[in-house]
Amino acid sequence: MRGLKQSPWILHYDASSCNGCDIETLACLTPIFDVERLGVLNTGNPKHADIFLVTGAVNEQSKAVIQNLYRQLPEPKVVVAVGACASSGGIFRECYNIFGGVDIVVPVDVYVPGCAARPEAIIDGVVKGLAVMEEKHAILAAVRDGLDKIIYARAEKAGALPIHAIRKVAGQTEAVLHGDDNFPALQQTLEELQKEFDKKYFFKAEVNGKVIGSVSAWLDGETVRVDGLAVHPYFEGAGVAGRLLAECEAAFRGVKRFETFIGNKSERQLKVLEEAGYKNFKTEVFTPKITWIHLRKELK
Amino acid sequence: MSPWLRLIVYLVAAPVVGGVLSGWDRRVSARMQSRRGPPILQPFYDVLKLWQKQNLANHPSQNYYVLFFFLLVVFTGALFFAGSDLLLVIFALTTASIFFVLGAYKASSPYSFIGAERELIQIMAYEPMVLLTAIGMYMVTKTFYIGGIANHGGLLVLALPGVFLGFVFALEIKFRKSPFDLSSSHHAHQELVRGITTEFSGRTLALIEVAHWYETVFLLGWVYLFFASSPVLGVVMALGVYVFVVLVDNVFARLKWQAALGSAWAVTAVLGFGNIVVLSLQR
Amino acid sequence: MTLVLALVLVPLLAGLVLLCLRADLPRRLVVVAVTGAVCVGCVALACLPALNLGELPVSRHAVNLGMMAVEAVMGLYILYVGVRARHFLIVALMLAQAGLMGWFEWTAGPEASPAPALFVDKFSIVMALINGIVGGGICLYAVGYMREYHTEAHRDVPDRRPMFFALLFVFMGAMFGLVFADELPWLFFFWEVTTLCSFLLIGYTQTPEARKNALLALVMNLSGGLAFALAIVWFYHNTHQLGLQALIHSGHAAALLPAALLCFAGITKAAQCPFSSWLLGAMVAPTPVSALLHSSTMVKAGVYLVLRLAPVVTGTSVGLMVALVGGVTFLIGSLAAITTPEAKRVLAHSTIANLGLVVLCGGIGTYEAVWAGVLLIIFHAVAKCLLFLCVGVVEHKLHSRNIEDMSGLIVYMPHVAVMMLIGMAGMSLAPFGMLISKWAVLRAVVDAYPMLSVFIVFGSAATLFFWVKWMGKLVEVVAPRQRVIKEISLDESVALYGLSVVTFLACLFFPLFSKLFIEPYVAGVYGHTGSLGQGNMLIMVIMMAVVMLFPLSFLSRGRGVKVVDPYLGGANIQGSPGFTGSGGASETVTLHNYYMGGVLNEAWLSRVAVAGGALMLAAMLVFAFI
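Here's a quick rundown of the structure. Here the structure is a predicted model, which is why all the values come from computation and not from measurement. (Residues numbered from 1 in each chain as written. Chains lettered and ligands numbered in written order. Predicted model: local features only at pLDDT ≥ 70, side-chain atom pairs only at ≥ 80, totals over all residues. Heavy atoms only, no water.)

## What to know about the overall build of chain C
Okay, step 1: When helices and strands are counted, chain C shows 25 helices and 3 strands.
Okay, step 2: If one aligns the C-alpha atoms of chain C with their principal axes, the spans along those axes are about 85 × 55 × 45 Å.
Okay, step 3: In chain C, of all internal contacts separated by at least 6 residues, the share reaching a separation of at least 24 is 82%.
Okay, step 4: Approximately 21500 Å² of chain C is accessible, and the part contributed by carbon and sulfur atoms is 69%.
Okay, step 5: Taken as two groups, the 33 positive and 28 negative side-chain charges of chain C have centres that lie 5 Å from each other. (Helix = DSSP H or I, 4+ residues; strand = E, 2+ residues; numbered from the N terminus. Contact = heavy atoms within 4.5 Å. Areas by Shrake-Rupley, 256 points an atom, 1.4 Å probe, with all protein chains shown as cover. Lys, Arg positive; Asp, Glu negative; His and termini not counted. Charge placed at Lys NZ, Arg CZ, Asp CG, Glu CD.)

## Brief notes about the interface of chain B and chain C
Okay, step 1: Each partner contributes to the interface: chain B provides 65 residues, whereas chain C provides 63 residues.
Okay, step 2: Buried surface at the junction of chain B and chain C, summed over both partners, amounts to about 5700 Å²; 78% is from carbon and sulfur atoms.
Okay, step 3: Counting across the chain B and chain C interface gives 1 salt bridge.
Okay, step 4: Close ionic contact of aspartate 85 of chain B with arginine 443 of chain C constitutes a salt bridge, the shortest N to O distance being 2.8 Å. (Buried area = accessible area lost by both parts, 1.4 Å probe. Salt bridge = Lys/Arg side-chain N within 4 Å of Asp/Glu carboxyl O.)

## As for the interface of chain A and chain C
Okay, step 1: With 10 residues of chain A at the contact, the number on the chain C side is 9 residues.
Okay, step 2: Here chain A packs against chain C, burying approximately 730 Å² in sum over the two surfaces, 46% of which is carbon and sulfur.
Okay, step 3: For chain A, the biggest contributors to the area lost against chain C are Asn68, Arg71 and Gln72 of chain A; these three give 53% of the whole.
Okay, step 4: Applying the counting criterion to the chain A and chain C interface returns 0 salt bridges.
Okay, step 5: On the surface where chain A and chain C come into contact, there are 6 residue pairs in polar contact (both at pLDDT 80 or more).
Okay, step 6: The residue makeup of the side of chain A that touches chain C, split by class, is 4 nonpolar, 4 polar and 2 charged. (Polar contact = N/O pair within 3.5 Å; in protein donor to acceptor, adjacent residues only side chain to side chain. Nonpolar A, V, L, I, M, F, W, Y, C, P; charged D, E, K, R; others polar.)

## Considering a nonpolar patch on the surface
All names here are of chain C.
Okay, step 1: There is a patch of nonpolar side chains on the surface, built from Val501, Phe504, Leu505, Leu508, Phe509, Leu512 and Leu516 and spanning about 610 Å² of accessible area.
Okay, step 2: For the nonpolar patch, the elements supplying multiple residues, two or more each, are α22 (490-508) and α23 (510-526).
Okay, step 3: It is α22 that contributes the most residues to the nonpolar patch, 4 residues altogether.
Okay, step 4: Along the polypeptide, leucine 505 turns up in helix α22. (Patch = residues over 30% accessible without salt bridge, like charges linked within 9 Å, V, L, I, M, F, W, Y side chains within 5 Å.)

## Comments concerning the environment of alanine 270 of chain C
All names here are of chain C.
Okay, step 1: Counting through the fold element by element, alanine 270 comes out in the loop between α10 (251-269) and α11 (277-281).
Okay, step 2: Look at alanine 270 and you get buried, because its relative accessible area is 0%.
Okay, step 3: Along the chain, alanine 270 and leucine 355 lie 85 residues apart, while their C-alpha atoms are 6.7 Å from each other.
Okay, step 4: Ignoring anything within four residues of it in the chain, the contact list for alanine 270 reads Val299, Gly302, Val303 and Leu355. (Buried < 20%, exposed > 50% of the residue type's maximum accessible area, 1.4 Å probe, protein only.)

## Side note on the nonpolar core
Okay, step 1: With 362 residues, the main nonpolar core has Trp222 of chain B together with Phe180, Phe228, Trp278, Met420 and Trp470 of chain C as its most contacted residues.
Okay, step 2: The element contributing the most residues to this core is helix α17 (residues 367-398) of chain C, with 23 residues.
Okay, step 3: Here phenylalanine 180 of chain C is in contact with Val4, Leu7, Val8, Leu45, Ala117, Leu118, Phe119, Val120, Ser124 and Ala128 of chain C, once residues within four sequence places are set aside.
Okay, step 4: Val207, Phe235, Val240 and Phe252 of chain A belong to the second-largest nonpolar core, a separate cluster that totals 27 residues. (Core = buried A, V, L, I, M, F, W, Y, C linked by side-chain atoms within 4.5 Å.)

## Points about the sheet that holds strand β13 (residues 279-285) of chain A
All names here are of chain A.
Okay, step 1: Pairing within the open sheet is mixed, and its 7 strands lie in the order β8-β9-β10-β11-β12-β14-β13. Taken across any chain shown, the strands that pair with only one partner, and hence form the sheet edges, are β8 (151-155) and β13. Sheet twist, expressed as the average angle between the axes of neighbouring strands with direction ignored, equals 25°.
Okay, step 2: Of the pairings in the sheet, the one linking β13 to strand β14 (residues 291-298) comprises 6 bridges and is antiparallel in character. Its bridge partner being in β14, glutamate 284 is matched across the sheet by tryptophan 292.
Okay, step 3: Across the sheet, helix α5 (residues 160-178) lies against β8, β9 (201-207), β10 (210-220), β11 (223-231) and β12 (257-263), angled at about 85° from β10, the strand it touches most.
Okay, step 4: Across the face of the sheet, helix α9 (residues 267-275) comes into contact with β11, β12 and β14 while running at roughly 165° to β12. (Pairing = 2+ DSSP bridges. Axes fitted to C-alpha atoms, helices over the stretch in contact; angles between N-to-C directions.)

## What to know about empty space enclosed by the protein
Okay, step 1: Throughout the structure, instances matching the rule amount to 8 cavities of 30 Å³ or more.
Okay, step 2: Contributing to the lining of the largest cavity are 16 residues, with Ile10, Thr25, Cys28, Val35 and Val40 of chain A lying nearest its centre.
Okay, step 3: Where the lining of the largest cavity is concerned, the elements lending two or more residues are β1 (9-14), α1 (20-27), β2 (41-42) and α4 (119-146) of chain A.
Okay, step 4: Tallying contributions element by element places α4 of chain A first for the lining of the largest cavity, with 4 residues.
Okay, step 5: Volume-wise, the second largest cavity comes out at about 70 Å³.
Okay, step 6: Phe91, Thr94 and Glu127 of chain B together with Ser428, Leu435, Lys438, Ser460, Thr463 and Leu464 of chain C are the residues that line the second largest cavity.
Okay, step 7: Listing elements by their share of the lining of the second largest cavity, those giving two or more residues are α4 (86-107) of chain B together with α20 (433-448) and α21 (453-475) of chain C.
Okay, step 8: Among the elements that take part in the lining of the second largest cavity, α21 of chain C stands out by supplying 3 residues, more than any other.
Okay, step 9: A breakdown of the residues in the lining of the second largest cavity according to their chemical character gives 3 nonpolar, 4 polar and 2 charged. (1 Å grid on protein atoms, 1.4 Å probe; cavity = no way out; pocket = protein on both sides within 12 Å on 5 of 7 lines; lining within 4 Å. Points joined across faces, edges and corners; volume = space filled by probe spheres on them.)

## Considerations on the pattern of salt bridges
Okay, step 1: Counted according to the given criterion, the structure contains 36 salt bridges over all chains.
Okay, step 2: In this structure, glutamate 134 of chain A and lysine 5 of chain A form a salt bridge, with 3.8 Å as the shortest nitrogen-oxygen distance. Residue glutamate 134 of chain A is found in helix α4, and its partner lysine 5 of chain A is found in the segment before β1; the two are separated by 129 residues along the sequence.
Okay, step 3: Judged by relative accessible area, which is 28%, glutamate 134 of chain A ranks as partly exposed.
Okay, step 4: On the basis of relative accessible area, lysine 5 of chain A is assigned to the partly exposed category, the value being 41%.
Okay, step 5: One salt bridge connects glutamate 199 of chain B with lysine 47 of chain A, and the closest N-O pair in it is separated by 2.4 Å. Placement of the pair is glutamate 199 of chain B in the loop between α8 (161-174) and α9 (202-225) and lysine 47 of chain A in the loop between β2 and β3 (51-55), with the two residues belonging to separate chains. Exposure class is identical for glutamate 199 of chain B and lysine 47 of chain A. Each is buried.
Okay, step 6: Connected through shared salt-bridge partners, Asp34 and Glu36 of chain A together with Arg26, Arg35 and Asp46 of chain B make up one network.

## Description of the side chain of serine 178 of chain B
All names here are of chain B.
Okay, step 1: As for its placement among the helices and strands, serine 178 is situated in the loop between α8 and α9.
Okay, step 2: Reaching out from serine 178, the side chain makes a polar contact with the side chain of aspartate 181 at a distance of 3.1 Å.
Okay, step 3: With residues up to four places along the chain from it excluded, the contact list for serine 178 reads Glu172, Val248, Asp249 and Phe252.

## Some details on unusual backbone geometry
Okay, step 1: Cis geometry is adopted by the peptide bond preceding alanine 116 of chain A, which originates at cysteine 115 of chain A and carries an omega value of -10°.
Okay, step 2: Looking at the element boundaries, alanine 116 of chain A is found in the loop between β7 (110-112) and α4.
Okay, step 3: In the Ramachandran plot, valine 193 of chain B falls in the positive-phi region, its phi being about 55° despite a non-glycine side chain.
Okay, step 4: As for its position among the elements, valine 193 of chain B is in the loop between α8 and α9.
Okay, step 5: Residue classification places valine 193 of chain B among the buried positions, given a relative accessible area of 10%.
Okay, step 6: Here histidine 399 of chain C, not a glycine, exhibits a phi torsion of approximately 55°, which is positive.
Okay, step 7: Here histidine 399 of chain C lies in the loop between α17 and α18 (409-412).
Okay, step 8: Under the relative-accessibility criterion, histidine 399 of chain C is labelled exposed at 61%.

## Quick notes on the sheet that holds β1 of chain A
Residues and elements named next belong to chain A.
Okay, step 1: Pairing within the open sheet is parallel, and its 5 strands lie in the order β2-β1-β3-β5-β7. Sheet topology places β2 and β7 at the edges, where each strand pairs with a single neighbour.
Okay, step 2: Examined bridge by bridge, β3 and strand β5 (residues 78-82) share 5 bridges and lie parallel to one another. Within β5, the position partnered with valine 54 by the bridge is alanine 81.
Okay, step 3: In this fold helix α2 (residues 60-71) packs onto β1, β3 and β5, with an angle of close to 170° to the strand it touches most, β1.

Structure, rendered in structure tokens:
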């Protein structure tokens, strides 16, 4: 659709840059490069922006800020990491106070290389970001009119990669909620997940061939243990999680008891599970910030 | 043209004209800074894009205030072009602005709060001059009806030079241009972020933009009234005033609210009221 | 006739009964019964086709004697107060007034004047309706409010509720008498009763501050009373007549000086510059008193008199001076209201300002202006009363009158907040009441004295500022607070909901009201009348419909909207309204309105008001003599 690619408004944030990339970014606005001829505006306000342009590596100070700003950008949004530091941590990568590139905290769509990145490269990155934005817009549109086209199916070992991704995406939200990223889903590698396929049943929800949610379950004696419930944030509140739980129950016909656990601050998940008939029966401290709430459902 | 026809033309054409004027404003500003500037249609692209974006809000109800701001601005312009009572038009415009301000208050963020507060100060600054303009026009033409004012024989500006200058000054505030862009500015990196519009996004922001287009056309229509007896001169002067406003926007830095309010009231008292005094002495 | 007399006497008698009732329940019953009766009586009076006022059922001489006796008692009491407080201005004013009236009674003798002592026209009916319905609402509200006042909020204040309620009803009765009286000495009698009642009510709490402010009110109103007495004596000695109607119809030459003196009295009572300080001081009294003084009685008596005399002063320099006093008061009152965060004080300044507008109308005195003035009185009474009562409720729950503390009221006291918003919309938002009236005033002013419009244009801009920033404070929500469980008690809610509905209806049906009451009155006095044009009325209705659709939009609450935190430079702390400040400390967001402290100064404004007002009043009296 017209318009979307013709008016990229930018939020420029300096995570911990040496200011080299910032100067080059602002140079884009000057008469020589004049990005406004492409409709680019530097808004300085996440709620108006489309493109989140970050310079510098992520450190202790900027980590929460990047997350906050990212959350305040309206969809469809694109993150552009400008310069070596924002892309990977650059020469500061090994510093005691540096976490790494921006993709440590938020998903990055375009990496602009350079130290400092040249204005031409930055403009190019923004233009590339526009293509990503268009793609995201298409996905969002599909979401809006595709909610009834969600397919629920069992996942095979060969399809572990998208499930790994969706678990990471959902795990990000949980980690932010709890202020702690020690969630199993975030720590797990692809190989570990593939190994789990030998033991567990995996279910997925798909729209247009893209995985948007998954859950796994296995029989442990008399009890079915359900875990790894993950739904892409775009589809929250669309009833995907409830349907995935129902799929689990359907697969283990005849088993009377289902158990699962969630973090103590995951109120949205708790609500979904309670609506599905799960009841809290014990809590368990996992880390100082995360307490597992164990839930159980008894079938008659 | 019959009032109804004018009304319909306004409702359809005003956003187009307003949008083009706004695009032209950005282009001219860019040229003044020796840049190329965006395409003339850039404001339309912006609004189209905003329309497709997600709508974020701190409190969902803040968006309704903006919706009613939009409706009332359109209504105000419609009243104006249908030839209704000028004072009524002003009050409708004020009510519209109040809804906008309340929306920003509702958003309850520090930036939009101060933006709202400053917008109120701006309203307070220009309102007396706008009312005096209506009064001055009444004293010359003996009617508050815009239809009657437009059909008045002579050039109003000859009898109301002070009021006209004061009104142009008030327009500078009304268009939120420097040096009076206290509440919200089109330029980035300000102490208030985006002031009154900070917390609006997506379609709500698009509505605000379109409301401003309507407002621009309606205010330039008012400038036209000063020259209504000679339509060509009227259109030229309306555009001329717009160019002037853009020029001033580019050459001035922002004023503090104290200075904005003080200067606006001083101009109103000297130029606007002075003109009224002269007129009433002539009677 | 009986109905009119009953309206005056029933509240007076009820006052006497209430003086003897110490228990809560019977008092409540009496208040409810009398209020209901008075409201019904007013409405009946308004609905009766034409009133034929017959002769009084009792001899007028007897009534005059009775009034003189009561007046003498009141005079002695005021003298006692003056002496005890060592406030010799009061003593002097009272003695001068008593001397004048005594001399008048002595020389005038018991001759019967031909005019009827009572008089009812559409204007008095409008005033009676305001007094009955709005005043009645306040009395009802006072029952619940005062219970809470003494049991919870202000335990330290001695409980003198019997006297309090007695005074409220006497006040109301006197106000009825005031609007129905035609014979000037009668009018004067009721005038003095309201002065004394307001003095006693303002001093209700008996704190040093209350006493001081009560004395201030007394001294200012006594000076008005002195002017009133002078007017009576002067008028009688020149024309041998005593009727208010006679005065209005007796032409410029004979009536101008007494009219000027009466306007002076009206201006003191309506708390115009330079006398505005007494009304601000009256804020120390419990809220129902403020509401009563501000909306239905007292100050309305002042503007009533000024508007009545409008046909006499119109077109004269006296009228121009009265209009100037009103204009200056409007401008300065509006500006002063910006400077203070105290809710009741803002309301007080706004009352003074709006009354200034009415006085301005009275001074201009053309038919358009009088039409606009009556409209202003109605809308102001209803909306302002509602606002005062709401502030009273909020004050009891929050223990603060500060507007800054009302942030987020819409969440934790939604009912009261919505009612306040209705009141404020009525005061400031087109197309509701006050703005329509302001529009009418502006037209009237431009037709008569275009230069006076300068006060209105600047004043109304200031008005907008302080109302909208208050409205904004009510709707903004920074930190969600616990909702107050029981916002309002039963009596209070009857009054509050009733008044909200009345405000709403007044805005909706004002064209009808104007046609039935105001236009006939204005036409009766001037021969032609002001009104809004048909087309404008239609536009107004459309606009009203648009604005009233606004609450409906809340039905589709938050569809398709994602709720996020406000932008705080990215430093938000998730799930709280705070942010991470320097050194990692968590800070909370606080929002604070502008009060323009550096530009406007309340004390300075009031000095200007006093000086300007005094100058213009002096000029008015001088013009009247010439």
